[in-house]
Amino acid sequence: MKIKRIKINLKIITSNKEKIEKKYKYYDSIKEGVFLTRDLVSEPPNVLTPKVYVREIKKLSKFGLKIKTYNEKKMKKLGLNALLGVGQGSINKSYLVTIEWNGKKKLKQNPLAFVGKGVCFDTGGISLKPAKFMEEMKYDMAGSAVVVG
């Protein structure tokens, strides 16, 4: 997936440099996540195949996230037959990806989980869907893209 990046150099002169830099880093992270989500959702399913999607998700490991990928063999071993059934009609292989981040070790909080369906193109129930809405099935992966972003 090719994403065109434009670099903008910005120089801010202020007496509150540290405060602004800290806030900018936070807001820049949010912006990057939103842009990543937008880019993933915008890619057509013949470009963002499951294999390409897994490759994009794996790039997040540079931020300290633990990325685990389950191929069809591992998914079958786990008994994820319903999920495997969704991909049976495709020439693309199915994958399941988990992303883990344990946060700051000092905080004692209950775990928080985000779950998003990442089916890149779902034609399931094709006889129930009118043809004019079929192209929208590409957005079936938007829940996952939001979690990834």
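Before reading on, note that the structure itself is shown above.
Below is a short write-up of the structure.

1. Looking at the overall build of the protein chain
Assigned secondary structure in the protein chain consists of five helices and two strands. Split into buried and exposed, the 149 residues of the protein chain put 21% on the buried side. Residue pairs in contact within the protein chain that sit at least 24 positions apart in sequence constitute 67% of those at least 6 positions apart.

2. Some thoughts on helix α1 (residues 17-42)
With 26 residues, α1 ought to run about 38 Å at 1.5 Å a step, and its terminal C-alpha atoms sit 36 Å apart, in line with that. Every buried residue of α1 is listed here: Gly33, Leu36, Thr37, Asp39, Leu40 and Val41.

3. Here we look at the nonpolar core
Residues Leu40, Leu48, Tyr53, Met141, Ala145 and Val148 are the most contacted members of the largest nonpolar core, which totals 13 residues. Of all the secondary structure elements, the ones that give two or more residues to this core are α1, α2 (50-58) and α5 (142-148). Contact partners of Val148, with chain neighbours within four places excluded, come to Leu36, Leu40, Tyr53, Ile57, Leu60 and Ile99.

4. Considering the packing of aromatic side chains
Given two aromatic rings, their pairing is described by the distance between the two centres and the angle made by the two planes. Enumeration according to the criterion identifies one aromatic pair in this entry. Aromatic side chains Tyr26 and Tyr27 sit 5.2 Å apart centroid to centroid with 70 degrees between the ring planes, which places their arrangement in the edge-to-face category. One residue, Arg38, lies across the ring of Phe35, its end atom 4.5 Å from the ring centre.

Calculation notes
Think of each chain on its own: its residues are numbered from 1, step by step along the sequence as written. The predicted nature of this model means local features are confined to residues of pLDDT at least 70 and side-chain atom pairs, given and counted, to a pLDDT of 80 or more, with totals for whole chains, interfaces and linings taken over all residues. With hydrogens and water stripped out, all remaining heavy atoms of the structure feed into the side-chain values. Numbering goes from the N terminus for both helices and strands, where a helix is a DSSP run of H or I of at least four residues and a strand is a run of E of at least two. Think of it in three bands: with a 1.4 Å probe and only protein chains considered, a residue is buried below 20% of the maximum accessible area for its type, exposed above 50%, and partly exposed in between. Only heavy atoms matter for contacts: two residues are in contact if any of them lie within 4.5 Å across the pair. Any helix carries an expected span of 1.5 Å times its number of residues minus one. Nine residue types can take part in a nonpolar core, namely buried Ala, Val, Leu, Ile, Met, Phe, Trp, Tyr and Cys, and a core is a set of them joined through side-chain atoms within 4.5 Å. Paired rings are identified among Phe, Tyr and Trp, the last through its six-membered ring, by centres lying within 6.5 Å, and are further divided according to the angle between planes into stacked (under 30 degrees), edge-to-face (over 60) and tilted (the rest). Charge over a ring is defined by NZ of Lys or CZ of Arg lying within 6 Å of the ring centre and within 35 degrees of the ring normal.

Keep in mind these numbers describe shape, not what the thing actually does.
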